[in-house]
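Letter by letter, the chains look like this.
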Amino acid sequence: MTEAGERWRTDDRPEPDRCARLLADAFVREPATSWICGGSASVRQSWFTATLRTQAALPGARRHTLAGPDGRPVGAAVLTPPAAEPPAVARARWAARVLARCGPRPLGRTLSCLRAAEEGAPEGAWTLEFVGVLPSAAGRGAGRRLLDHALAGAPSTAGVFLTTADPGNVPIYRRLGFRTLRELPVGPLRVTAMYRMAAPGH
């Protein structure tokens, strides 16, 4: 629960590296990130940095951070516009960075997750790539506040698509209006693809 009088602030133009640092700390126990990066904090940080720098170059890409009452950022959300895809050169550069800084296993596992995420995404939908808050902010309403803000800013008549490998997230997203499209095995993971239609008049 958010305590009365707390003031949360959002930033809709944060630098990719700031989001990467926040998400690397927020996703320390997230199943897909743990499978991709293992238990190494430096690999996780390098992976998020390479991925978010590539995503940030897409026209219309959106990033949001949330800061707590003390002004310190506690979470980040990242959305990709409909049909946005890095050009071949950018994909190759991303792969080279991940390979050099994280190793071949994280690269291969990331590609497996991407194939699962891209399969059957609704046409015209935005993709919620990441949303996470620091463990220190858990239980204070920060995650819901950040997610509501990010979703409200996605100007799509076709809704929002996401995937999650954390089964605990599925009921949370359902309460926010997402429905399950499918479940896919990716390595040891069970990835759930979900979709929320745009609100009428959006």
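What counts and how
- Residues numbered from 1 in each chain as written.
- Predicted model: local features only at pLDDT ≥ 70, side-chain atom pairs only at ≥ 80, totals over all residues.
- Heavy atoms only, no water.
- Helix = DSSP H or I, 4+ residues; strand = E, 2+ residues; numbered from the N terminus.
- Rg over C-alpha atoms; globule rule 2.2 N^0.38 Å.
- Buried < 20%, exposed > 50% of the residue type's maximum accessible area, 1.4 Å probe, protein only.
- Contact = heavy atoms within 4.5 Å.
- Areas by Shrake-Rupley, 256 points an atom, 1.4 Å probe, with all protein chains shown as cover.
- Lys, Arg positive; Asp, Glu negative; His and termini not counted.
- Charge placed at Lys NZ, Arg CZ, Asp CG, Glu CD.
- Core = buried A, V, L, I, M, F, W, Y, C linked by side-chain atoms within 4.5 Å.
- Axes fitted to C-alpha atoms, helices over the stretch in contact; angles between N-to-C directions.
- Parallel < 35°, antiparallel > 145°, perpendicular 65-115°, else oblique.
- Pairing = 2+ DSSP bridges.

J.: I'd like to hear about the overall build of the protein, residue by residue, with values.
T.: Of the regular secondary structure elements, the protein holds 7 helices and 7 strands. Reading the helices (α) and strands (β) of the protein from amino to carboxyl end gives β-α-α-α-β-β-α-α-β-α-β-α-β-β. For the protein, the C-alpha radius of gyration of 16 Å lies close to 17 Å, the compact-globule estimate for 202 residues. When the backbone C-alpha atoms are referred to their principal axes, the protein occupies close to 50 × 35 × 30 Å. Relative to its 202 residues, the protein shows a buried fraction of 43%. The contacts of the protein with a sequence gap of at least 6 include a subset with a gap of at least 24, amounting to 72%. Surface accessibility of the protein: about 10500 Å² in total, with carbon and sulfur atoms responsible for 52%. Side chains of the protein give 27 positive and 17 negative charges; the mean places of these two sets differ by 3 Å.

J.: Just give me the short version of the nonpolar core, but keep the residues and values in it.
T.: Ranked by internal contacts, the top residues of the largest apolar core, which has 30 residues, are Leu23, Trp47, Phe48, Leu52, Val98, Phe130 and Leu189. Sorting the residues of this core by element identifies α1 (16–26), α2 (31–37), α3 (41–56), β3 (73–80), α4 (88–102), α5 (104–118) and β7 (189–196) as the ones contributing at least two each. No other element matches α1, which puts 6 residues into this core. Once residues lying within four places of it in the same chain are set aside, the contact partners of Leu23 are Phe48, Leu52, Ala76, Val78, Phe130, Val131 and Gly132. Membership of the second largest hydrophobic core comes to 22 residues, among which are Ala77, Ala137, Val170 and Leu176.

J.: If you had to explain the packing of α4 against α5 to someone new, which residues and values would you point to?
T.: Where α4 meets α5, the closest approach of the two axes is 7 Å, and the angle between their N-to-C directions is 135 degrees. Classed by the angle they form, the pair α4 and α5 counts as oblique. Within the contact between the two elements, α4 uses Trp94, Ala95, Val98, Leu99 and Cys102 and α5 uses Pro104, Pro106, Leu107, Thr110, Leu111 and Leu114.

J.: Account for the pairing of strand β5 (residues 160–164), with residues named and values stated.
T.: β5 sits mainly inside the fold: 4 of its 5 residues count as buried. Two elements, strand β4 (residues 126–133) and β5, share 2 bridges in a ladder whose sense is parallel. Counterpart to Trp126 in the pairing with β5 is Val160. Note that β5 and β7 share 5 bridges and pair antiparallel. Note on β7: the bridge partner recorded for Val160 is Arg196.

J.: Describe in detail unusual backbone geometry, supporting the description with residues and values.
T.: In this structure, Ala83 takes a positive phi of about 60 degrees despite not being glycine. Within the secondary structure, Ala83 sits in the loop between β3 and α4. Taking relative accessible area as the criterion, Ala83 reaches 84% and is therefore assigned exposed.

J.: If you had to explain the environment of Val28 to someone new, which residues and values would you point to?
T.: Mapped onto the elements, Val28 comes out in the loop between α1 and α2. Val28 gets classed as partly exposed once you look at its relative accessible area, which sits at 33%. Along the sequence, Val28 and Leu134 sit 106 residues apart, while their C-alpha atoms lie 9.2 Å from each other. The contacts of Val28, once residues within four sequence positions are left out, are Ser34 and Arg44.

J.: Lay out the sheet that holds strand β2 (residues 62–67) with the relevant residues and their values.
T.: Pairing within the open sheet is mixed, and its 7 strands lie in the order β1-β2-β3-β4-β5-β7-β6. Strands with a single pairing partner mark the edges of an open sheet, and in this sheet they are β1 (9–11) and β6 (179–186). Here the average twist between neighbouring strands, direction ignored, is 25 degrees. Relative to the sheet, α5 contacts β5, β6 and β7, its axis offset from that of β6 by approximately 150 degrees.

Everything listed here is a matter of geometry and, on its own, says nothing about what the molecule does.
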